[in-house]
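# Observations on the model geometry
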Amino acid sequence: MPKVYKPGKVAIVLQGRQAGKKVVVIKQVDEGTKDRPYPHAIVAGIERYPRKVTRTMGAKKLQRRSRVKPFIKVINYSHLFPTRYALELESLKGSVAAETFKEPSQRKDARKNIKKLLEERYQTGKNKWFFQPLRF
């Protein structure tokens, strides 16, 4: 069976609190681990997408509306839907590991790092599809 969920692959969450949200795979575990005996992936996604901005808005309002609220999560493969898109974020791969989920402070630091990286990516205008909510 081919490996669908490679690091950098964009997927859509199908179940749970973040259902319908876009995520990018950071690390995949095809065989599972002792505490999670199922194939899963560590993902980072967007909980709250940036809002629409127009030319007439001021700098402060533009900055406020361009914010991204990220989340990090371990998700079962059966709850993910792969897309044809990929994000090439090299710095994202090192920011989250399996040990990050054990300590809440580490998780918060990882989320802040991901927020900074995603907002930077949004400001440059790359991967526009990733920063727009799904329409359904």
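Just so you know, these numbers come straight off a predicted model, no measurement behind them.

Conventions and cut-offs
Residues numbered from 1 in each chain as written. Predicted model: local features only at pLDDT ≥ 70, side-chain atom pairs only at ≥ 80, totals over all residues. Heavy atoms only, no water. Helix = DSSP H or I, 4+ residues; strand = E, 2+ residues; numbered from the N terminus. Buried < 20%, exposed > 50% of the residue type's maximum accessible area, 1.4 Å probe, protein only. Polar contact = N/O pair within 3.5 Å; in protein donor to acceptor, adjacent residues only side chain to side chain. Contact = heavy atoms within 4.5 Å. Phe/Tyr/Trp six-rings, centres within 6.5 Å; stacked < 30°, edge-to-face > 60°. Lys NZ or Arg CZ within 6 Å of the ring centre and 35° of its normal. Core = buried A, V, L, I, M, F, W, Y, C linked by side-chain atoms within 4.5 Å.

Residue placement: serine 66 occurs in the loop between α1 (59-65) and β4 (69-76). For serine 66, a relative accessible area of 4% corresponds to the buried category. A polar contact of 2.8 Å, which involves the side chain of serine 66, links it to the backbone oxygen of leucine 62. If sequence neighbours within four positions are ignored, serine 66 has contacts with Pro50, Val53, Glu119, Tyr122 and Gln123.

Take the packing of aromatic side chains next. Pairs of aromatic rings are described using the distance from one ring centre to the other and the angle between the two planes. Inspection of the entire model under this criterion finds 4 aromatic pairs. Residues tyrosine 85 and tryptophan 129 carry aromatic rings whose centres are separated by 4.2 Å and whose planes lie at 25° to one another, so their mutual orientation is stacked. Taken as a pair, tyrosine 85 in strand β5 (residues 80-86) and tryptophan 129 in the segment after α3 (104-124) lie far apart in primary sequence, 44 residues in all. A relative accessible area of 31% places tyrosine 85 in the partly exposed class. Residue classification places tryptophan 129 among the partly exposed residues on the basis of a relative accessible area of 28%. Each member of the aromatic cluster is reached from another via a ring pair, and the members are Tyr122, Phe130 and Phe131. When the ring centre of tryptophan 129 is taken as reference, the NZ or CZ atom of lysine 22 above it lies at 4.0 Å.

Turning our attention to the nonpolar core. Of all hydrophobic cores here, the largest spans 21 residues; its most connected members are Ile46, Ile72, Leu92, Val96, Ile114, Leu118 and Phe130. Elements with a contribution of two residues or more to this core: β2 (22-29), β3 (40-48), β4 and α3. Looking at which element gives the most residues to this core, the answer is α3, with 4 residues. In terms of nonpolar packing, the next biggest core, distinct from the first, is built from 11 residues, Val13, Val23, Ile75 and Leu80 among them.

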